[in-house]
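# Close look at the chain arrangement
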Amino acid sequence: MKIWLNGSLVAKEQAVVSVFDHGLLYGDGVFEGIRAYDGRVFKLGEHLARLWNSARAIMLEIPLARDALQAAVLDTLRANGLRDAYIRLVVTRGTGDLGLDPRKCPTATVFIIADTITLYAAELYERGLAVATVSTRRIPAVAVDPRIKSLNYLNNILAKIEANTLGVPEAIMLNLEGRVAECTGDNVFIVRRGRLLTPPIADGGLEGITRDTVLDLARSLAIPHAEESFTPYEIYTAEECFLTGTAAEIIPVVKVDTRPIGPGTPGPVTRRLTASFREMTRREGVPV
Ligand code: PMP
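Right, let's talk about the packing of aromatic side chains for a bit. In the structure shown here, the tally under the stated rule is five aromatic pairs. Here Tyr-37 and Phe-42 contribute two aromatic rings whose centre-to-centre distance is 5.9 Å and whose plane-to-plane angle is 85°, an arrangement assigned as edge-to-face. Taking the relative accessible area as the measure of exposure, Phe-42 reaches 7% and is therefore buried. In this structure an aromatic cluster arises from ring pairing among Tyr-37, Phe-42 and Phe-277. Positioned over the ring face of Tyr-236 is Arg-259, at 3.9 Å from the centre of the ring.

Now the structure itself:
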């Protein structure tokens, strides 16, 4: 496996960063998870734009131009002979001293890993997941804006640990007001009274690229939809529920906090959006 690290493609064993890297010491950095389908990188421009926005929000300078980073992503895929892949693009604050001060880190560390990923077994896409709401609340935007896709995932990891102890693979996280924000690595959708709903970003979720894609697909399929706040009650009384993310894609949810959602099987809106999404991933993207 070849890793792109600070401008060179190196063997996995040589792809190492300093123990003084602030990405490691403090989670100071930003990242993207991107997918390639059949030789095309899906929504690459959107992922690079979000990476640059995340970096700008934390005053982190990415030490290469957007075109050059795009070319590096494509080079990494080619070097690994991958046409279907999950790409992890990471920019850390770089090497500094043991203090927090980012000014002590002169250059960012940049690396790209291209690998394969299977988040959930194929049968779960057919049968649907059971998930649970957890007590760990999403960090409020006044503390850290959840739109920043940072390396600091401890809030999400604490929620994941709760999900693990409850015996479910994913957690629904609420904001401080008790409204649904998102999952630990996915956005949440419900279908209630025939309308497709997802929480507004102001409720504390990442502005997911798969979420945006699903909203675009709903528009083109004339599925009534809105960005609207909801609480667990609306999930319990919904007809359908599903999660979206680059790694998870669209995964149906059939049980929340032990309550079956709708009839307890993936619903027609979820199936329709999934089919359109799959079709889109085969059609669109930047060629490798
Ligand atoms: N929320 C969180 C916390 C995430 O980390 C992610 C990405 N894994 C998402 C939502 C989904 O975003 P996207 O569709 O852009 O992958």
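Note on placement: Val-214 falls in helix α6 (residues 209-220). Residues within four places of Val-214 in sequence aside, it is in contact with Phe-189, Leu-196, Phe-242, Thr-244, Ile-250 and Leu-273.

The domain boundaries assigned to the protein chain delineate domain 1 (2-115) and domain 2 (122-283). Here the C-alpha centroids of domain 1 and domain 2 sit 26 Å apart. Contacts between the two partners involve 25 residues from domain 1, matched on the other side by 20 residues from domain 2. Contact between domain 1 and domain 2 buries roughly 1,800 Å² in total, counting both sides, with carbon and sulfur atoms accounting for 63%. Put simply, domain 1 and domain 2 have one salt bridge between them. Its salt-bridge partner being Glu-249, residue Arg-35 comes within 4.0 Å of it at the nearest N-O pair. Scanning the region where domain 1 abuts domain 2 turns up eight residue pairs in polar contact (both at pLDDT 80 or more). Elements supplying a minimum of two residues to the side of domain 1 that touches domain 2: α1 (22-26), β3 (29-37), α2 (44-57) and β5 (85-92). At eight residues, β3 tops the list of elements feeding residues into the side of domain 1 that touches domain 2.

Among the surface-exposed residues, Val-19, Phe-20, Leu-24, Leu-25, Tyr-26, Leu-98 and Leu-100 lie close enough to one another that they form a single nonpolar patch of about 680 Å² accessible area. Within the element layout of this structure, Leu-100 appears in the loop between β5 and β6 (109-115). Looking at Leu-100, the relative accessible area reads 58%, which means it is exposed.

Attention now goes to the site of the ligand. The local shell around the ligand holds 16 residues, among which Tyr-153, Glu-182, Ile-209, Thr-210 and Thr-246 are the closest. Between Arg-50 and the ligand, the recorded distance is 2.8 Å, taken from a side-chain N or O atom to an oxygen atom. Measuring from an oxygen atom of the ligand, one finds a backbone N or O atom of Ile-209 at 2.7 Å. For the ligand, whose unbound accessible area comes to 390 Å², protein coverage reaches 93%. Along the lines of polarity and charge, the residues of the shell around the ligand split into three nonpolar, nine polar and four charged.

On to the nonpolar core. Within the largest apolar cluster, 28 residues are counted, with the highest numbers of intra-cluster contacts made by Leu-69 and Ile-87. For this core, the secondary-structure elements that each account for two or more residues are β3, α2, α3 (66-79), β5 and β6. For Leu-69, the contacting residues outside a window of four places in its chain are Leu-48, Leu-51, Trp-52, Ile-62, Leu-64, Leu-89, Val-110 and Ile-112. Counting 23 residues, the second-largest nonpolar core is a separate cluster that includes Tyr-120, Ile-172, Leu-174 and Ile-190.

Quick look at the packing of α6 against helix α8 (residues 268-283) now. The interhelical angle for the contact between α6 and α8, taken along N-to-C directions, is 110°, at an axis separation of 10 Å. Considering the angle they form, α6 stands roughly perpendicular to α8. Residue-level contacts link Thr-210, Thr-213, Val-214, Leu-217 and Ala-218 of α6 to Leu-273, Ser-276, Phe-277 and Met-280 of α8. Counted by class, the contact of α6 with α8 contains six nonpolar, three polar and no charged residues.

It is worth spelling out the pairing of strand β1 (residues 2-5) at this point. Sheet topology places β1 next to strand β2 (residues 8-11); four bridges connect them, and they run antiparallel. Across the sheet, the residue bridging to Leu-5 is Ser-8, located in β2. In this sheet, β6 lies alongside β1 in antiparallel orientation, the contact comprising two bridges. The residue bridging Leu-5 from the neighbouring strand is Phe-111, located in β6.

One can find Arg-192 in strand β10 (residues 187-192). It turns out Arg-192 is buried and unbridged, and the closest side chain with the opposite charge, Glu-234, is 4.7 Å from it. Apart from the residues within four sequence positions on either side, Arg-192 is in contact with Leu-197, Tyr-233, Glu-234, Thr-237, Ala-238 and Glu-239.

Definitions and limits used
- The numbering scheme is per chain: residues are counted from 1 as the chain's sequence reads.
- It should be noted that, the model being predicted, local features are given only for residues of pLDDT at least 70 and side-chain atom pairs only at 80 or more, the latter also being counted only at that level, while totals for whole chains, interfaces and linings use all residues.
- Only hydrogens and water are removed before side-chain values are computed, so all heavy atoms of the structure are retained for them.
- Working definition: rings of Phe, Tyr and Trp (its six-membered ring) pair if their centres are within 6.5 Å, and the pair is stacked with planes under 30 degrees apart, edge-to-face with planes over 60 apart, and tilted otherwise.
- The classification of residues rests on relative accessible area computed with a 1.4 Å probe and restricted to protein chains. Under 20% of the type maximum is buried, over 50% is exposed, and intermediate values are partly exposed.
- By definition here, charges over rings are those cases where NZ of Lys or CZ of Arg is within 6 Å of the ring centre and within 35 degrees of the ring normal.
- Runs of E in the DSSP output that reach at least two residues are strands. Runs of H or I that reach at least four are helices, and both are numbered from the N terminus.
- Two residues qualify as a contact provided that any one of their heavy atoms is within 4.5 Å of a heavy atom in the partner residue.
- An automatic or database domain assignment is the source of the domain bounds shown.
- The term buried area means the drop in 1.4 Å probe accessible area that two parts suffer when joined, counted for both and summed.
- What makes a salt bridge here is a side-chain nitrogen of Lys or Arg within 4 Å of a carboxyl oxygen of Asp or Glu, nothing more.
- Pairs of N or O atoms are called polar contacts if they sit within 3.5 Å, as long as, within protein, a hydrogen donor faces a hydrogen acceptor (for residues adjacent in sequence, only side-chain-to-side-chain pairs).
- A patch is a set of surface residues, each over 30% in relative accessible area and not in a salt bridge, joined within 9 Å for like charges and within 5 Å for the nonpolar side chains Val, Leu, Ile, Met, Phe, Trp and Tyr.
- For every accessible area listed, the method is Shrake-Rupley and the probe measures 1.4 Å; residues are considered covered only by the protein chains on display.
- Here, proximity means that at least one heavy atom of the residue falls within 4 Å of the molecule or strand.
- Gly falls in the polar group here, along with every residue not listed as nonpolar (Ala, Val, Leu, Ile, Met, Phe, Trp, Tyr, Cys, Pro) or charged (Asp, Glu, Lys, Arg).
- For this analysis, a nonpolar core means a set of buried residues of the types Ala, Val, Leu, Ile, Met, Phe, Trp, Tyr and Cys, connected via side-chain atoms within 4.5 Å.
- Only the contacting stretch of a helix is used when fitting its axis, a line to C-alpha atoms as for every element, and angles between N-to-C directions run 0 to 180 degrees.
- Any angle that falls under 35 degrees is termed roughly parallel, while one over 145 is termed roughly antiparallel, one within 65 to 115 roughly perpendicular, and all others oblique.
- Strands qualify as paired when DSSP identifies two bridges or more between them.
- When charges are tallied, Lys and Arg are placed among the positive residues and Asp and Glu among the negative ones, while His and the ends of the chain are skipped.

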